[in-house]
Amino acid sequence: MTKQNRRSIYISRITISLIALFVIIGNMDAAQPKKIAIQKRDSIPLMNGFAVSFDVVGAAMMQLGSSGQYEGGLRLNIRNKYFPTVELGYGKADETDITTNIHYTTKAPYMRIGMDFNLLKDKRSSNHFFIGFRYAYTSYKDNVSLPEFKDPVWGNNVNYSCLDNKCYYHWVEAVVGIDAKIYGPLHLGWSLRYRKRIAYDEGILGKSWYVPGFGKSSNSSLGGTFNITFDI
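Residues numbered from 1 in each chain as written. Predicted model: local features only at pLDDT ≥ 70, side-chain atom pairs only at ≥ 80, totals over all residues. Heavy atoms only, no water.

J.: Would you mind showing me how to read the pairing of strand β2 (residues 67-78) here?
T.: Side-chain direction in a regular strand flips from residue to residue, so the side chains alternate between the two faces of the sheet. With six bridges connecting them, strand β1 (residues 47-55) and β2 associate as antiparallel partners. In the sheet register, Ser53 faces β2, and the bridge partner there is Gly73. Where β2 meets strand β3 (residues 82-96), 10 bridges bridge the pair, whose relative direction is antiparallel. Bridge pairing links Tyr70 to Tyr90 in β3. As consecutive antiparallel partners, β2 and β3 are separated by three residues, and within that stretch Arg79 has a phi angle of approximately 55 degrees, a positive value. (Pairing = 2+ DSSP bridges. Helix = DSSP H or I, 4+ residues; strand = E, 2+ residues; numbered from the N terminus.)

Right, here's the structure in full:
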């Protein structure tokens, strides 16, 4: 074998080795983004903390009107996608009809349980756009009374009242809303609620003026919340 042939063989081997090295390096570079993407996806913990919230709308209604509720919530964050939620509240009404002078009162706790689903594609974001559902229940007593009036037939003074009328309500809610991070653990957000009554008993009166947590007695109703939320 001549020196020129040996040199050609060496050059060919070196060339093949360099090509193989470049191919290996290229494959490593191509695989690297997939590894990073997997790490980013897995960086969201399964249990991603808790948050507590307080509804401002119900509290404002309580202070400014004749009915409303104080309501707080606790939610669990699972991978920033699923949010199991418990909401507890205390509803109250004290109303006198200006036409009939019928006085109505009630006050009772209520509870809701359900789930919210974050629809934003970026699950690492601290902001959420969600839909969800709730099952809710309350057991309450209402009171109806009239001021003393003169019986039109007998002419004597009459008092009318129905006290401690036992009632209960079961209902479900469809929820849509947003939750935005403001600073640190503080979030602000709102939700719209469509409520549908599924089972109920309004006692001997037949119809409640106000149902704690549900609103005015009806087959369905619309409502909303404005929530102040803190991550834990």
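J.: What should I look at first to understand the pattern of salt bridges in this one?
T.: Pairing is possible between side chains of opposite charge, provided their charged atoms come close. Evaluated as defined, the whole model comprises nine salt bridges. Residues Asp179 and Arg75 are paired through a salt bridge, measuring 3.2 Å at the closest nitrogen-oxygen approach. Taken as a pair, Asp179 in strand β6 (residues 157-183) and Arg75 in strand β2 lie far apart in primary sequence, 104 residues in all. The two residues Asp179 and Arg75 agree in class, both being buried. (Salt bridge = Lys/Arg side-chain N within 4 Å of Asp/Glu carboxyl O. Buried < 20%, exposed > 50% of the residue type's maximum accessible area, 1.4 Å probe, protein only.)

J.: Just checking my understanding: could you explain the pairing of strand β4 (residues 103-118) for this structure?
T.: Sheet topology note: the β3/β4 ladder contains 15 bridges and is antiparallel. Note on β4: the bridge partner recorded for Ala93 is Thr106. Between β3 and β4, which pair antiparallel in sequence order, lie six residues; one of them, Asn101, sits at a positive phi of approximately 65 degrees.

J.: Would you mind showing me how to read the state of the cysteines here?
T.: Here a disulfide denotes a covalent bond joining the sulfur atom of one cysteine to the sulfur atom of another. Counting across every chain of the model gives zero disulfides. A disulfide-free cysteine, Cys162 has its sulfur positioned 8.8 Å from the sulfur of Cys167, the nearest such atom. Relative accessible area serves as the criterion here: at 4%, Cys167 is assigned to the buried category. (Disulfide = S-S within 2.5 Å.)

J.: Can you walk me through the confidence of the model for the protein chain in this structure?
T.: Regions with low pLDDT carry predicted coordinates that are not meant to be interpreted in detail. Scored by pLDDT, the protein chain has a mean of 85; 79% of the residues are at 70 or more. This stretch, residues 3-8, has a pLDDT under 50; its non-local contacts, to residues over four places away or in other chains, come to one contact. Every residue in residues 34-41 is under pLDDT 50, and counting partners more than four places away or in other chains gives one contact. (pLDDT = per-residue confidence, 0-100. Contact = heavy atoms within 4.5 Å.)

J.: Help me understand the environment of Ser145 in this model?
T.: Among the secondary structure elements, Ser145 is positioned in strand β5 (residues 128-150). C-alpha separation for the pair Ser145 and Leu163, spaced 18 residues apart in sequence, amounts to 7.9 Å. Beyond its immediate sequence surroundings of up to four residues, Ser145 is in contact with Asn101, Ile102, His103, Tyr160 and Ser161.

J.: Before we go on, may I ask you to explain unusual backbone geometry in this structure?
T.: You will see that Arg79, though not glycine, has its phi angle at about 55 degrees, which is positive. Relative accessible area serves as the criterion here: at 38%, Arg79 is assigned to the partly exposed category. The phi dihedral of Asp164 is positive, around 55 degrees, even though this residue is not glycine. By the element assignment, Asp164 lies in strand β6. A residue is classified by how much of its surface remains accessible, and Asp164, at 49% relative accessible area, is partly exposed.

J.: Hey, could you run me through the side chain of Arg112 in this one?
T.: When you line up the elements, Arg112 lands in strand β4. Residue classification places Arg112 among the buried positions, given a relative accessible area of 1%. A distance of 2.8 Å separates a polar atom in the side chain of Arg112 from a polar atom in the side chain of Glu71. Separated by 2.7 Å, the side chains of Arg112 and Glu173 make a polar contact. Here Arg112 is in contact with Glu71, Thr85, Val86, Glu87, Arg134, Tyr135, Ala136, Trp171, Glu173, Arg193, Arg195 and Gly213, once residues within four sequence places are set aside. (Polar contact = N/O pair within 3.5 Å; in protein donor to acceptor, adjacent residues only side chain to side chain.)

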